[in-house]
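A closer look at the structure
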Amino acid sequence: MTGILYTADHRMLSLPPLLSWRITHTGSVPCDSFTVRFAYRKEMAEALSKAAGFTAEEDGKTVLRAVVDEYTVDLDGGGLTAAVSGRGYAARLLDNESRPVTYQQAALAEILRNHVEPYGISCKEIAQVRAESVYTVAAGTSQWKAVESFCRAYGGFVPRFSREGELLAGPEQPGRTLSIGKGDPVLSCTLREDHYGVLTEALVIDKTRNKDYSVKNQAMLDKGGQCRRVIYTPGQSTWAAMRYTGEYQIRRSGEDAWTAEVTLPGSFLAFPGDRAAVSLDRMGLKGTFRVAEAENRFDGRRGATAVLTLKPLE
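In short, a report on the structure. (Residues numbered from 1 in each chain as written. Predicted model: local features only at pLDDT ≥ 70, side-chain atom pairs only at ≥ 80, totals over all residues. Heavy atoms only, no water.)

Focus: the sheet that holds strand β15 (residues 201–206)
The strands making up a sheet associate through hydrogen bonds between their backbones, and the pairing can be parallel or antiparallel. Defined as follows: Strand pairing is defined by DSSP finding a minimum of two bridges between the two strands. Each helix corresponds to a stretch of at least 4 residues labelled H or I by DSSP, and each strand to a stretch of at least 2 residues labelled E; elements are numbered beginning at the N terminus. Axis definition: a line fit to C-alpha positions, over the contact stretch in the case of helices; interaxial angles, taken between N-to-C directions, run 0 to 180 degrees.
Judged by pairing direction, the sheet is mixed, and its three strands sit side by side in the order β16-β15-β17 without closing on themselves. The sheet terminates laterally at β16 (211–216) and β17 (228–233), the two strands that pair on one side only. For this sheet, the mean angle separating the axes of adjacent strands, direction not counted, is 20 degrees. Looking at chain direction, β15 and β17 are connected through six bridges and run parallel.

A look at the environment of Thr62
Using the following cut-off: Burial here depends on accessible area, computed with a 1.4 Å probe over protein chains only, as a share of the maximum for the residue type. Under 20% is buried, over 50% is exposed, and the range in between is partly exposed. The contact definition used throughout considers only heavy atoms, calling two residues in contact when any of these lie within 4.5 Å.
Mapped onto the elements of the fold, Thr62 is located in strand β6 (residues 61–76). According to the relative accessible area criterion, Thr62 is buried, its value standing at 15%. For the pair Thr62 and Met1, spaced 61 residues apart in sequence, the C-alpha to C-alpha distance is 9.8 Å. Apart from the residues lying within four places of it in its own chain, the contact partners of Thr62 are Thr55, Ala56, Glu57, Arg163 and Glu164.

Describing the packing of helix α3 (residues 108–115) against helix α4 (residues 143–155)
When two helices pack together, you describe them by how their axes are tilted relative to each other and by the distance separating the axes. The criterion, for reference: When describing relative orientation, an angle under 35 degrees is termed roughly parallel and one over 145 degrees roughly antiparallel, while 65 to 115 degrees is termed roughly perpendicular and anything else oblique. Under the grouping applied here, Gly and all other residues not named as nonpolar or charged are polar, the nonpolar ones being Ala, Val, Leu, Ile, Met, Phe, Trp, Tyr, Cys and Pro and the charged ones Asp, Glu, Lys and Arg.
Between α3 and α4, the least distance of the axes is 10 Å, while the angle of their chain directions is 175 degrees. Overall, the two elements α3 and α4 adopt an arrangement that is roughly antiparallel. Residue-level contacts link Leu108, Ile111, Leu112 and His115 of α3 to Gln143, Ala146, Val147, Phe150 and Cys151 of α4. Broken down by class, the residue content of the contact of α3 with α4 amounts to seven nonpolar, two polar and no charged.

Concerning a positive patch on the surface
Using the following cut-off: Note that patches include only residues with greater than 30% relative accessible area and no salt bridge, and the join distances are 9 Å for like charges and 5 Å for nonpolar side chains (Val, Leu, Ile, Met, Phe, Trp, Tyr). In this description, accessible areas are obtained by the Shrake-Rupley approach with a 1.4 Å probe, and a residue is regarded as covered only by the protein chains that are shown. What makes a salt bridge here is a side-chain nitrogen of Lys or Arg within 4 Å of a carboxyl oxygen of Asp or Glu, nothing more. In this tally Asp and Glu are treated as negative and Lys and Arg as positive; neither His nor the chain ends contributes. Charged groups are reduced to one reference atom each: NZ for lysine, CZ for arginine, CG for aspartic acid, CD for glutamic acid.
Where like charges cluster on the molecular surface, the positive patch consists of Lys61, Lys124, Arg163 and Arg176. Structurally, Arg163 can be placed in the loop between β11 (160–161) and β12 (167–169).

Points about the packing of aromatic side chains
To keep things clear, this is the line we draw: Only the six-membered ring of Trp is used, alongside the rings of Phe and Tyr, when aromatic pairs are assigned; centres must lie within 6.5 Å, and planes under 30 degrees apart are stacked while those over 60 apart are edge-to-face, with the rest tilted. Charge-over-ring contacts are defined here by two conditions on Lys NZ or Arg CZ: a distance within 6 Å of the ring centre and an angle within 35 degrees of the ring normal.
For the coordinates displayed, the defined rule picks out ten aromatic pairs. Where Trp21 meets Phe298, the ring centres are 5.9 Å apart and the plane angle is 20 degrees; that geometry is what we call stacked. With Trp21 in strand β3 (residues 18–25) and Phe298 in strand β20 (residues 285–299), this residue pair connects regions lying 277 residues apart in the sequence. Using a relative accessible area of 27% as the deciding quantity, one classes Phe298 as partly exposed. Judged by centre distance (4.1 Å) and plane angle (10 degrees), the ring pair of Phe34 and Phe54 falls under stacked. Separated by 20 residues along the polypeptide, Phe34 in strand β4 (residues 33–39) and Phe54 in strand β5 (residues 51–58) bring together distant segments of the chain. Each member of the pair, Phe34 as well as Phe54, carries the same accessibility label: buried. An aromatic cluster of at least three residues, connected via ring pairs, comprises Trp21, Phe268, Phe271 and Phe298. Sitting over the ring of Tyr89, Arg92 keeps its end group 4.2 Å from the ring centre. The ring of Phe271 has Arg163 sitting right over it, with the charged end atom 3.7 Å from the ring centre.

Structure follows, in structure tokens:
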């Protein structure tokens, strides 16, 4: 992999061969992230102090565009090296707050025009989604939250970022499928199921009309779970809105309940949104899963490894 730094005054610095690196793709929040280390020369000082952007390339293809958060220069037994780290373009929206604003039946394109485009982010996909009623962005809300909440509430999807730093504001399309089976060189595999915080019931209450609507999570009830949340909604909520609110809270509570983490030799084997067809009989792990996160690592001792975090398909 090769790395390129871009400075605030529009200069470019191609980094020397990387001694080690870590690239993590989530496509959403928490942000994509990176850390790279390389041999340092004093001529790099000015460029590092003004470093604002970073691009990683593998086999001539961009695998990450990101903002630079930090650099360090180290002198130790290994010589003189520098490290640069940062986050994907979602950071631009997370780091900036929106002013309070109320929309009347806004379309997604209007939300993106006000909360995304001013931060130098282009939108590759824009779903034809419109709010059915008033949509309010409260004071102190990040620009990311303003967009994410709109997409979740009215489109039923989470916006994502491409590896080129473009916002994908539309339902996720399945990517390619990676097969992981008995004959593959699996370095490690961890299966985790955590029921803590997974709701068994969401009770939605409209205080103005003194109405309530209960949504139950039968799968967790069958496992003996007992975790209820009470959610209050603005006055005059429709039954459909109350049901959606309850279902949404239950779905969010269980997003991280089941994960599998598989480590394989190589790098950039899969990206968030891809599928992994897994058949590891010894662990009783079999099925097709969504790649939720991909962490790629390299150093001179261990070589390149890819750690894939898998979650059930929705």
